[in-house]
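Results of the structural survey
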Amino acid sequence: MSSVIKSVSIIGAGLMGAGIAQSIAAAPALIAKGVAVTLVDVGEDRLANGKKIISSSLARVAKKKFDGDKAQADAFVADTLARITFSTDAGLAAAHSDLVVEAIVENLDAKQKLFRDLDTRAPKTTIFASNTSSLPISEIAKSTLSRRDRFAGLHFFNPVPQMKLVEIVRTQELSDTAYASLKDLVVGMGKVGVECKDTPGFIVNRLLVPYMLEAIRMVERGEASKEDVDIAMKLGAGYPMGPFELADYVGLDTTKFITEGWFASGKGLQGKELVSPPASLGKLVEEGKFGRKNGEGFYKY
Ligand code: NAI
């Protein structure tokens with residue numbers, strides 16, 4: 001049994017939050033059900049940034065969808081944007097929501113503080129979810145008093161409007177009803193939900209991160225060049241990007257941050273050495289080379 005989610009608040013209007021809000025507002029199945037979406041951030045400038053991310057992404061979708069018909073494309077962008085409420089008041093948004101999805105900075109204290117506040121404002125039935133990539137959901141959930149059975153991970157992938165997968169992370173306490181409601185929403189968004197336990201990296205990053213790190217170590221040991229490792233994985237394993245291209249795409253600072261967090265805590269990991277941070281990754285980050293986003297990582301852009 002699930003209870004229908006009719007209103008969703010997304011907290012954090014950055015890359016991920018904006019993508020999640022857009023994906024809800026543009027989903028035909030959710031529009032038909034009248035699902036309302038509110039996007040929240042700390043200031044008007046951040047909200048404007050979120051709005052910009054959404055308009056550019058929608059404009060790209062509309063160009064393809066309406067085959068260059070500008071009037072139809074503009075109407076699609078305007079209608080979809082109009083279905084999103086923008087707000088700087090997270091408490092007020094949560095008070096009117098069946099689901100709150102958090103997509104703020106990747107910092108445990110900040111996430112706990114947010115949910116501690118929202119726990120006092122949201123109705124008892126509201127489900128809370130975090131889009132964290134690397135923090136344990138059960139640790140974040142500890143900040144709420146009596147919501148552990150309605151607290152889950154809802155892990156989206158970048159770019160959210162294009163990426164079909166959502167990892168639905170189940171802690172031991174999550175109720176079947178809350179899980180079913182989240183699954184329904186994910187399906188309504190036109191995405192595919194997979195169920196996984198609250199372990200480091202869930203499914204995708206648990207496999208991808210050690211793979212990228214081992215590629216970096218291979219090159220450090222002089223076993224192959226990074227260019228050849230990338231070519232090999234694309235042509236030999238059919239991957240769309242090689243591990244160095246992928247690391248640059250994800251961001252070397254993000255990769256290093258995730259790796260160090262898991263390595264230091266060691267919680268829930270078998271084979272901790274799989275995530276030991278390689279020296280050359282640390283060196284690039286120290287030099288300010290974060291990957292695609294700032295023009296240089298393993299490669300120059
Ligand atoms: P971002 O830095 O683009 O956006 C974060 C936004 O949250 C900013 O606009 C910031 O002003 C806002 N914010 C910070 N504290 C807030 C608060 N207390 N209340 C309201 N808004 C607040 O970050 P991004 O990349 O969108 O990541 C967000 C979350 O999603 C992180 O937990 C990250 O680990 C996770 N994630 C990121 C992915 C990625 O590829 N970037 C992929 C999957 C998950």
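Just so you know, these numbers come straight off a predicted model, no measurement behind them. (Residues numbered from 1 in each chain as written. Predicted model: local features only at pLDDT ≥ 70, side-chain atom pairs only at ≥ 80, totals over all residues. Heavy atoms only, no water.)

**Let's talk about the UniProt feature "site: Important for catalytic activity" (unreviewed entry) in the chain**
- The UniProt feature table records "site: Important for catalytic activity" (unreviewed entry) at His155.
- Summarising the element assignment, His155 is placed in strand 6 (residues 151-155).
- A residue is classified by how much of its surface remains accessible, and His155, at 3% relative accessible area, is buried.
- Not counting residues up to four positions away in its chain, the partners in contact with His155 are Asn131, Thr132, Ser133, Leu165, Val166, Glu167, Phe202 and Asn205. (UniProt positions renumbered as here; feature names shortened; annotations may be inferred. Helix = DSSP H or I, 4+ residues; strand = E, 2+ residues; numbered from the N terminus. Buried < 20%, exposed > 50% of the residue type's maximum accessible area, 1.4 Å probe, protein only. Contact = heavy atoms within 4.5 Å.)

**Some words on the domain arrangement of the chain**
- According to the domain assignment, the chain consists of domain 1 (7-197) and domain 2 (206-294).
- Placing the centre of domain 1 and that of domain 2 at their C-alpha centroids yields a distance of 28 Å.
- Each partner contributes to the interface: domain 1 provides six residues, whereas domain 2 provides five residues.
- Counting each side, the surface lost to burial between domain 1 and domain 2 is near 390 Å², with a carbon and sulfur contribution of 55%.
- Among the residues domain 1 hides against domain 2, the three largest losses belong to Glu106, Ser134 and Asn158. Together they make up 66% of the total.
- Run the count over domain 1 and domain 2 and you get one residue pair in polar contact (both at pLDDT 80 or more).
- Taken together, the residues of the side of domain 1 that touches domain 2 break down into one nonpolar, three polar and two charged. (Domains from an automatic or database assignment. Buried area = accessible area lost by both parts, 1.4 Å probe. Polar contact = N/O pair within 3.5 Å; in protein donor to acceptor, adjacent residues only side chain to side chain. Nonpolar A, V, L, I, M, F, W, Y, C, P; charged D, E, K, R; others polar.)

**A word on the sheet that holds strand 2 (residues 36-40)**
- Ordered in space as 3-2-1-4-5-6-7-8, the eight strands form an open sheet in which the pairing is mixed. If you trace the sheet from one side to the other, it starts and ends with strand 3 (84-87) and strand 8 (192-197), each paired once. Looking at each pair of strands side by side, their axes are set apart by 25° on average, direction ignored.
- As paired elements, strand 1 (residues 7-11) and strand 2 share five bridges and run parallel to each other. (Pairing = 2+ DSSP bridges. Axes fitted to C-alpha atoms, helices over the stretch in contact; angles between N-to-C directions.)

**Quick look at the side chain of Arg147**
- Along the chain, the position of Arg147 falls in the loop between helix 7 (137-141) and strand 6.
- Of the residues examined, Arg147 reaches a relative accessible area of 1% and is grouped as buried.
- A distance of 2.7 Å separates the side chain of Arg147 from the side chain of Asp119, its partner in a polar contact.
- A distance of 2.9 Å separates the side chain of Arg147 from the backbone oxygen of Pro123, its partner in a polar contact.

**Regarding the site of the ligand**
- The local shell around the ligand holds 18 residues, among which Met16, Asp41, Glu106, Lys111 and Asn131 are the closest.
- One nitrogen or oxygen atom from the side chain of Glu106 is found 2.5 Å from an oxygen atom belonging to the ligand.
- The separation between a nitrogen atom of the ligand and a polar side-chain atom of Ser133 is 3.5 Å.
- When the ligand sits alone it has 850 Å² of accessible area, and the protein chains cover 74% of it.
- For the shell around the ligand, the class distribution of residues is seven nonpolar, seven polar and four charged. (Near = heavy atom within 4 Å. Areas by Shrake-Rupley, 256 points an atom, 1.4 Å probe, with all protein chains shown as cover.)

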